[in-house]
Amino acid sequence: MYFVNLPLSYAGDDARYLAAFTELGINPELGVDALSMQNKEKTWFEEVAATFAQAGLVCSIHLPFLDLHPGSLDDLMLHAARERLAKAAEIAALFSPKSMVGHVDYNAENHGPRREEWLDRATTTWSRFLEAWPGHPPLYLENTFEKDPE
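Here goes a summary of the coordinates provided. (Residues numbered from 1 in each chain as written. Predicted model: local features only at pLDDT ≥ 70, side-chain atom pairs only at ≥ 80, totals over all residues. Heavy atoms only, no water.)

### Considerations on the nonpolar core
Stated precisely, the cut-off is as follows: Residue types Ala, Val, Leu, Ile, Met, Phe, Trp, Tyr and Cys, when buried and joined through side-chain atoms within 4.5 Å, form a set referred to as a nonpolar core. Only protein chains enter the accessibility calculation, which uses a 1.4 Å probe; a residue whose area is less than 20% of its type maximum is buried, one above 50% is exposed, and one in between is partly exposed. Strands here are runs of E lasting at least two residues and helices are runs of H or I lasting at least four, both read from the DSSP assignment and numbered beginning at the N terminus. What makes two residues a contact is simply this: any of their non-hydrogen atoms within 4.5 Å.
One finds Leu8, Leu30, Phe52, Ile61, Leu63, Phe95 and Phe129 to be the most contacted residues of the largest nonpolar core, which totals 31 residues. Every element with two or more residues in this core is listed here: α1 (8-13), α2 (16-24), α4 (42-54), α5 (75-93) and α7 (115-131). Residue contributions to this core peak at six residues, all from α5. Once residues lying within four places of it in the same chain are set aside, the contact partners of Phe95 are Leu8, Leu30, Phe45, Val48, Ala49, Phe52, Cys59 and Ile61.

See below:
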């Protein structure tokens, strides 16, 4: 099974995206991005989820990542990241996703000297995210800026 990325902010701006996916039978990897979360009501997400379900499509969710710092050493930024992910989980659940993708946002140049503290904070963030969603689908953490698998 494969998925093709569709940022929900794009779908919110132009209904042709939804139509293309449903007409062509493409399973979406829905980007639950900050723009869609800020600009759309829950009912819109419910309608989109129903549209994909009625078309018999299976969804994957790409969690927000732009400006999101799940292991931030700044308490205020860490709180914001956790709040954003909690809201994203509520939206993601509407789609009964097969899987989810998140980003760790580790930057060795910035976080390296306090790597263990960053790692503890990031682990807590993702653990809380999963604990709040019993029966959650698998979460895959994707690297973006990390230069090695460690």
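### Points about the packing of α5 against α7
Heads up, the rule is: Simply put, an axis is a line fit to the C-alpha atoms, just over the touching stretch for a helix, and the angle between two N-to-C directions goes from 0 to 180 degrees. Working definition: roughly parallel below 35 degrees, roughly antiparallel above 145 degrees, roughly perpendicular at 65 to 115 degrees, and oblique for all remaining angles. By definition, any crossing whose near helix is turned counterclockwise from its far helix by less than a right angle is left-handed, and any crossing with a clockwise turn is right-handed. Ten residues, namely Ala, Val, Leu, Ile, Met, Phe, Trp, Tyr, Cys and Pro, are considered nonpolar, four, namely Asp, Glu, Lys and Arg, are considered charged, and the remaining ones, Gly among them, are considered polar.
The interhelical angle for the contact between α5 and α7, taken along N-to-C directions, is 25°, at an axis separation of 10 Å. Put simply, α5 runs roughly parallel to α7. Crossing handedness for the pair α5 and α7: right-handed. Counting all contacts with α5, which are made through Asp75, Leu78, Arg82, Leu85 and Ala89, the residues of α7 involved are Arg121, Thr124, Thr125, Trp126, Arg128 and Phe129. Of the residues contributing to the contact of α5 with α7, the split by class is five nonpolar, two polar and four charged.

### Here's the deal with the side chain of Thr125
The line we're drawing: Polar contacts, as counted here, are pairs of nitrogen or oxygen atoms within 3.5 Å of one another; within protein the pair requires one atom able to donate a hydrogen and one able to accept it, and residues that are adjacent in sequence qualify only if both atoms are side-chain atoms.
Take Thr125: it is sitting in helix α7. Looking at Thr125, its side chain comes within polar contact range of the side chain of Arg82, at 2.8 Å. Apart from the residues lying within four places of it in its own chain, the contact partners of Thr125 are Pro70, Leu78, Arg82 and Leu85.

### Remarks on α7
Applied cut-off: In this scheme, a helix's expected span is set at 1.5 Å multiplied by one less than its residue total. Each direction from the helix axis to a C-beta atom contributes to the arc, which is the arc of those directions.
Under the 1.5 Å per step criterion, the end-to-end length of α7 is 24 Å for 17 residues, consistent within 8% with the ideal 24 Å. Buried within α7 are the following residues: Trp118, Arg121, Ala122, Thr125, Trp126 and Phe129. Around the axis of α7, the buried residues are gathered within 125° of arc, so they sit on the same side. More than 90 degrees from the buried face of α7, the exposed residues found are Asp120 and Glu131. Where the residues of α7 are buried, they touch α5, β4 (100-103), α6 (108-111) and β5 (139-142).

### Some thoughts on the environment of Ala122
Mapping Ala122 onto the fold places it in helix α7. Here Ala122 falls in the buried class, since its relative accessible area comes to 5%. The spacing of Ala122 and Leu78 is 44 residues in sequence and 8.9 Å in space, taken between C-alpha atoms.

### Points about the pattern of salt bridges
Here is the rule: Any carboxyl oxygen of Asp or Glu within 4 Å of a side-chain nitrogen of Lys or Arg constitutes a salt bridge here.
In this structure the tally under the stated criterion is five salt bridges. Glu117 is the salt-bridge partner of Arg114, the closest N and O atoms lying 2.4 Å from each other. Exposure remark for Glu117: the relative accessible area of 28% places this residue in the partly exposed category. The shortest N-O distance in the salt bridge between Arg115 and Glu116 comes to 3.0 Å.

Read these as geometric descriptors, not functional statements.
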